[in-house]
Amino acid sequence: MPNVRYIRDLRRQLHSWWFPSVIAAFIILLPILSILITIIQPANENWEHIRQYVLIEAIIQSTQLVLLTVLFTAVLGVSLAWLVTAYDFPMKRFFSWALLLPLAVPPYIAAYTYSNMFSYTGIVQKTMRTYFNYSPDPSWFGVMSMRGAVMIFTLFLFPYVFLLTKSFFARQSASYIENARLLGRGPMGTFFTVALPLCRPALVGSLMLVMFEVLSDYGVVSYFGIQTISTAIFNTWFGMYDVDSAVRLASWLMIGILGLFALEHFLRSNRKYSASTSKARSFLPQRLRGGSAWIAWFACTFVFALSFLIPLLQLLVWAVWSFESVWTSSFYMLMKNTFTVAAIATAIIMVVSVVVANSCRLQSNLFSNILAKAVTSGYSIPGAVIAVGVLHVFIGLDHQISSWRGEEGLWLSLSIAMLIFGYVVRFMATGYNAVEAGYEKMGVSYLQASRLLGLGITRTFWRVDLPLLRRALLTGGILTFVEVLKELPLALLLRPFNFETLATKTYQYASDERIFEASIPSLCIIAVSMLSVFIFHRIGEEKQG
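Asker: Can you break down the pattern of salt bridges residue by residue, with the values?
Answerer: One pass over the full model with this rule turns up four salt bridges. Residue Asp-88 is joined to Lys-92 by a salt bridge in which the shortest nitrogen-to-oxygen separation is 3.3 Å. Note on Asp-88: relative accessible area 23%, which makes it partly exposed. Of the residues examined, Lys-92 reaches a relative accessible area of 15% and is grouped as buried. The partner of Arg-361 in a salt bridge is Asp-465, with the nearest N and O atoms 2.7 Å apart. Of this pair, Arg-361 sits in helix 15 (residues 329-362) while Asp-465 is found in helix 20 (residues 457-486), placing the two residues 104 residues apart along the sequence. In this pair, the class of Arg-361 matches that of Asp-465, namely buried.

What follows is the structure, given as structure tokens:
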């Protein structure tokens, strides 16, 4: 009898949106599963050489790069977030959103820009020689090194920490900080003993994002000659033409990331950091006067200039110099390629997001949670790993098609479909989270009323849910489009022959030491990316409001 009741409950919960959701989750998980399966398969003859001479060095340098970047982004991001939240000083409102603008500059573009600016013929050394009659030691400006990569990642990834900790300080910590002040704690004591421990969830979450970005990067580390696991995957693939070993490297990187997830979950287990009352409120910032106010202003201005203003101005100058040679008919084709694949991938992501999110809303249980985690799992996995998994799947499909047709050939693995599928797997979370937030904001009262009036699930979606979801769909679509447009490792690995996007063309110009020509596609990426920064700022303001 219990089995009969279970089957009856299961049939009642199944609906027409459930099957496409499960199929979509399975397809999205295929590349990830194909990578994990390689762990239990025997390695080829190259693996011992790669393990001994490549993997160990890659792990050491990746760990060093991640730890140093995490340390400096934490210091910079939390300090600035505390400054603009706890104090009033000149241009504070401007800096509260302007310090998010470095997110619009992909780190690989910043790396190309700063490496040229600090080179022997760059503006920094040339200015010192020309106007100050001073020839500095070129080794002082060695940006293309581990310390240079840490500087680039710190300057252009700290906004993740700044955004999340600023929001936390503004909404959660008012009563604690005001009590600390009333009990005689000074500014430094309040920050280190009250504010910093309280912001630990936001800090850990933002540092996880920073770690994923550093581990996912290929543009900065390859340009600076740093051997990380991402570069090892590329070198194994393109240098040794050993896809099996590249997949095995990707599987170890993915296991490391899953370990980071487990560690973060363990550190936060059984700990509560939220306010004990629902009446959380913002605290009143203290007004700084005299020298203190101008020191705060200078600190924000200095960071803003280094992380956004100076590289942007330099790119604009180079764009003027190279405009005639770059802005040709081939550049229009480049933009058409980029916007076409980004638009197709975004459309697929948003449709799948709507289907899966609606299915999870209609059937809220453990299975729905697993389904949601499955479709969004690609965002936490580096692009190079996703690319290896996607290629593995498409090669398998090619073999299957070849056996059906009776002739060998690469039917899918050289097509644009492989690149678009890689984008969908990698950035599914961006669209899904926006749609899920839209459903949560909408609630279920309209759905229940519509069902009581006799409309089915699908008709309710078209007539009730979709009009209310328009804003969430627009937000998710823009964020996804921008992420796809900026992505470099996936496009480098999965693009068809002779197919370029703005990101790959920027990388190609920089690799050929044609930095000036790289400025125009870089500025196009930055201009579009500023849309996502604007949306992040608006979302943060709405939450604080």
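Next comes the rest of the account.
Asker: Which residues make up helix 8 (residues 174-182), and what values do they have?
Answerer: Of the positions making up helix 8, those classed as buried are Ala-174, Ile-177 and Ala-180. Projected down its long axis, helix 8 carries its buried residues within an arc of 135°, all on one side. One or two positions beyond helix 8, positive phi appears at Gly-184, with a value near 95°.

Asker: Go over a nonpolar patch on the surface, please, and point to the residues and values.
Answerer: Taken together, the side chains of Leu-33, Leu-36, Ile-37, Ile-40, Trp-252, Ile-255, Leu-258 and Phe-261 make up a nonpolar region of the molecular surface, amounting to roughly 720 Å² of accessible area. Sorting the residues of the nonpolar patch by element identifies helix 2 (18-37) and helix 13 (243-268) as the ones contributing at least two each. Here the element with the most residues in the nonpolar patch is helix 13; it accounts for four residues. Among the structural elements, Leu-258 can be located in helix 13.

Asker: How would you summarise the packing of helix 12 (residues 229-239) against helix 17 (residues 383-405) if you had to cite specific residues and measurements?
Answerer: Put simply, helix 12 and helix 17 touch, their axes get as near as 9 Å, and they point 35° apart. For the pair helix 12 and helix 17, the sense of crossing is left-handed. From helix 12, Ile-233, Phe-234 and Trp-237 reach across to helix 17, where they touch Ala-384, Val-385, Ala-387, Val-388 and Leu-391. When its residues are assigned to classes, the contact of helix 12 with helix 17 shows eight nonpolar, no polar and no charged.

What counts, and where the lines are drawn
- Residues numbered from 1 in each chain as written.
- Predicted model: local features only at pLDDT ≥ 70, side-chain atom pairs only at ≥ 80, totals over all residues.
- Heavy atoms only, no water.
- Salt bridge = Lys/Arg side-chain N within 4 Å of Asp/Glu carboxyl O.
- Buried < 20%, exposed > 50% of the residue type's maximum accessible area, 1.4 Å probe, protein only.
- Helix = DSSP H or I, 4+ residues; strand = E, 2+ residues; numbered from the N terminus.
- Arc of directions from axis to C-beta.
- Patch = residues over 30% accessible without salt bridge, like charges linked within 9 Å, V, L, I, M, F, W, Y side chains within 5 Å.
- Areas by Shrake-Rupley, 256 points an atom, 1.4 Å probe, with all protein chains shown as cover.
- Axes fitted to C-alpha atoms, helices over the stretch in contact; angles between N-to-C directions.
- Left-handed = near helix turned anticlockwise from the far one by under 90°.
- Contact = heavy atoms within 4.5 Å.
- Nonpolar A, V, L, I, M, F, W, Y, C, P; charged D, E, K, R; others polar.

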